[in-house]
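Examination of the molecular architecture
Okay, here's what each chain looks like letter by letter:
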Amino acid sequence: MQIEPTALDGVLILTPRRFGDARGWFSEVWNARALADAGVATDFVQDNHSYSRDAGTVRGLHYQSPPHAQAKLVRCGRGRIFDVAVDIRAGSPAYGKWIGVELSAENGRQLLIPAGFLHGFVTREPDCEVLYKCSDFYAPDCDGAVRFDDPAIGIDWGIDPETAILSDKDRDAAPFDSFRSPFTHEAQP
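What this report covers is the structure whose coordinates are included nearby. (Residues numbered from 1 in each chain as written. Predicted model: local features only at pLDDT ≥ 70, side-chain atom pairs only at ≥ 80, totals over all residues. Heavy atoms only, no water.)

1. Description of the overall build of the protein chain
Looking only at helices and strands, the protein chain has 2 helices and 15 strands in total. For 189 residues, the compact-globule estimate of 2.2 N^0.38 gives 16 Å, and the protein chain sits close to it at 16 Å. For the protein chain, the spread of C-alpha atoms along the three principal axes comes to 55 × 45 × 30 Å. Buried residues in the protein chain amount to 46% of all 189 residues. For the protein chain, the proportion of contacts with a sequence separation of at least 24, taken over those separated by at least 6, is 80%. Accessible surface for the protein chain amounts to roughly 9800 Å². Of this, 49% is attributable to carbon and sulfur atoms. In the protein chain, 19 positive and 28 negative side-chain charges are present, and the distance between their average locations comes to 4 Å. (Helix = DSSP H or I, 4+ residues; strand = E, 2+ residues; numbered from the N terminus. Rg over C-alpha atoms; globule rule 2.2 N^0.38 Å. Buried < 20%, exposed > 50% of the residue type's maximum accessible area, 1.4 Å probe, protein only. Contact = heavy atoms within 4.5 Å. Areas by Shrake-Rupley, 256 points an atom, 1.4 Å probe, with all protein chains shown as cover. Lys, Arg positive; Asp, Glu negative; His and termini not counted. Charge placed at Lys NZ, Arg CZ, Asp CG, Glu CD.)

2. Points about the side chain of Asn 48
Tracing the backbone shows Asn 48 in strand S5 (residues 46-52). There is a polar contact of 2.9 Å between the side chain of Asn 48 and the side chain of Gln 46. When near neighbours in sequence (up to four residues on either side) are disregarded, Asn 48 contacts Val 130, Leu 131, Tyr 132 and Cys 134. (Polar contact = N/O pair within 3.5 Å; in protein donor to acceptor, adjacent residues only side chain to side chain.)

3. Remarks on unusual backbone geometry
The amide bond that connects Gly 60 to the next residue, Leu 61, takes the cis arrangement and shows omega of 10°. A cis amide bond links Pro 66 to the next residue, Pro 67, at an omega of 10°. When you line up the elements, Pro 67 lands in the loop between strand S6 (58-64) and strand S7 (72-78).

4. Notes on the packing of aromatic side chains
In total, this model carries 6 aromatic pairs according to the counting rule given. Here Phe 82 and Trp 98 contribute two aromatic rings whose centre-to-centre distance is 6.4 Å and whose plane-to-plane angle is 80°, an arrangement assigned as edge-to-face. With Phe 82 in strand S8 (residues 80-87) and Trp 98 in strand S10 (residues 98-104), this pair connects stretches of sequence that are 16 residues apart. A connected cluster of aromatic rings, assembled from ring pairs, spans Tyr 63, Tyr 95, Phe 176 and Phe 179. Positioned over the ring face of Trp 25 is Arg 18, at 3.7 Å from the centre of the ring. (Phe/Tyr/Trp six-rings, centres within 6.5 Å; stacked < 30°, edge-to-face > 60°. Lys NZ or Arg CZ within 6 Å of the ring centre and 35° of its normal.)

5. As for the sheet that holds S10
Reading across from one edge, S10-S8-S12-S6-S14 is the order of the 5 strands in this open sheet, with antiparallel pairing throughout. Looking at the sheet topology across the chains shown, the edges are occupied by S10 and strand S14 (143-145). Sheet twist, expressed as the mean angle between neighbouring strand axes with direction ignored, is 25°. (Pairing = 2+ DSSP bridges. Axes fitted to C-alpha atoms, helices over the stretch in contact; angles between N-to-C directions.)

6. Description of the pairing of strand S12 (residues 117-123)
Counting buried positions along S12 gives 7 out of 7 residues, so the element sits mostly inside the fold. In S12, alternate side chains face the same way, and those of Phe 117, His 119, Phe 121 and Thr 123 on one face and Leu 118, Gly 120 and Val 122 on the other are all buried. Pairing geometry for S6 and S12, over 4 bridges, is antiparallel. Note on S12: the bridge partner recorded for His 62 is His 119. Pairing geometry for S8 and S12, over 7 bridges, is antiparallel. Within S12, the position partnered with Phe 82 by the bridge is Val 122.

7. A word on the side chain of Ser 27
Structurally, Ser 27 can be placed in strand S4 (residues 24-27). At 3.0 Å, the side chain of Ser 27 forms a polar contact with the backbone oxygen of Arg 17.

8. Here we look at the nonpolar core
Within the largest apolar cluster, 20 residues are counted, with the highest numbers of intra-cluster contacts made by Leu 61, Val 86, Ile 88, Leu 118, Ile 153 and Trp 157. Elements that contribute at least two residues to this core include exactly S6, S8 and S12. Residues in contact with Leu 118, not counting those within four places in the same chain, are Leu 61, His 62, Tyr 63, Val 84, Ala 85, Val 86, Ile 88, Val 146 and Ile 153. Formed by 19 residues, the second largest nonpolar core is a distinct cluster that contains Ile 13, Cys 76, Ile 81 and Ala 94. (Core = buried A, V, L, I, M, F, W, Y, C linked by side-chain atoms within 4.5 Å.)

As structure tokens, then:
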């Protein structure tokens, strides 16, 4: 598996190898031992699968606060998305900074997002299926969201925010300037 660091500490792009033949291909998308050898030792406890019918559907920016904070490993099993992580660890030199990566069924890339980051994505084409592993169980009392189009973050989603297809939760999400992060940055020695 190819593992690429990003500009945000701890956020990684994982690209599993594909082994193809006349039938199609096979890919091992998660191997705890191989990732632990690369310094990634996240235990995942829940798998989620979302379907978005229309291009321009935005899901996010979401987080789950401690004590049920979640790391996520995100991949696109059908279609194409632009996946985003935003650093929300108070005291981080990258606080409020974001990275975005295209994930598709075709490229097989995955984004590993540690706890302490907002997460969201926009669908680039219709009929997208997104699969992601979580390191803790869903806890509604710890669930939160920040506006996907907040100018203080400045994410270029590649769509007109006015045309985004949103849930009520995402439409009513808090602006970034009123958000108080429950996460802190721990400097590495």
